[in-house]
Amino acid sequence: MKVLINEEQLRQGIAQLAERIRTQYRDRPLTIVGVMIGSLVLLADLIRLIDLPMRVDLVQARSYREGTRPGPLVINLDLLSSDIRGRDVLLVDDIFDTGNTLWELVPQLDELGPASIRTAVLLRKEGRCEVRMQPDFVAFDIPDGFVVGYGLDYGDLYRNLPYVAVLEPHELSGEPGS
Ligand code: 5GP
Ligand code: MG
């Protein structure tokens, strides 16, 4: 694998992301909702850099069932433990690829009556978007390729890498076209 974003670059990019979020909300209380499992590491780092009155909550979405190919998208709101009615919600995910995950999640959360919903992602892949939305906050735009680390997995591995790396074709085992 090849390192795409190293630890220092991540630290700087996430600090800038936090600053843009803080400026957007100023002193308004914020409810940050992390999309599990991929946003786990980003969430932990990001919330500690945002000095606002804050609630933290979770939802779950899965699309990459096996390998790098998206399976059917499964959204689970059972983890959401607070009432987001009337709250300013920031949905945080690891990566905006086709965009389908956030495109489906936003309306489902909107049904719960928040005052506002915005979205923030660590990574956005170039040239992959299939939906009519873009995240409100993006830390890094990256070229198309399968990335792991800093929360992102391949077959449930690599989430603990402290950097973001691109897997090379020979590391993507047993997939058509690899
Ligand atoms: P989207 O719905 O935007 O196509 O994809 C979003 C989800 O797919 C992400 O939350 C992430 O779980 C997964 N995903 C998309 N691209 C990648 C990638 O390059 N690497 C990994 N590990 N997961 C990805
Ligand atoms: Mg995900």
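Here, the structure is the one placed above.
Residues numbered from 1 in each chain as written. Chains lettered and ligands numbered in written order. Predicted model: local features only at pLDDT ≥ 70, side-chain atom pairs only at ≥ 80, totals over all residues. Heavy atoms only, no water.

J.: Is there a simple way to think about the overall build of the protein in this case?
T.: The number of helices and strands found in the protein is three helices and nine strands. For the protein, the C-alpha radius of gyration of 16 Å lies close to 16 Å, the compact-globule estimate for 178 residues. Its C-alpha atoms put the protein at 50 × 35 × 25 Å along the principal axes. Here the protein, with 178 residues, has 46% of them falling under the buried criterion. A fraction of 65% describes how many contacts in the protein between residues 6 or more apart in sequence connect residues 24 or more apart. Of the accessible surface of the protein, which amounts to about 9,300 Å², a share of 47% is contributed by carbon and sulfur atoms. (Helix = DSSP H or I, 4+ residues; strand = E, 2+ residues; numbered from the N terminus. Rg over C-alpha atoms; globule rule 2.2 N^0.38 Å. Buried < 20%, exposed > 50% of the residue type's maximum accessible area, 1.4 Å probe, protein only. Contact = heavy atoms within 4.5 Å. Areas by Shrake-Rupley, 256 points an atom, 1.4 Å probe, with all protein chains shown as cover.)

J.: In this structure, what is going on with helix H3 (residues 100–110)? I would like to understand it.
T.: An α-helix turns once every 3.6 residues. As a result, residues three or four positions apart point the same way. For H3, the complete set of buried residues consists of Thr101, Leu102, Leu105 and Leu109. Take H3 and look down its axis: the buried residues cluster within an arc of 80 degrees, on one side only. In this structure, the buried side of H3 is in contact with strand S2 (30–36), strand S3 (54–62), strand S4 (74–76), strand S5 (88–96) and strand S6 (116–125). (Arc of directions from axis to C-beta.)

Fair warning: the whole summary comes from geometry, so function is off the table for now.
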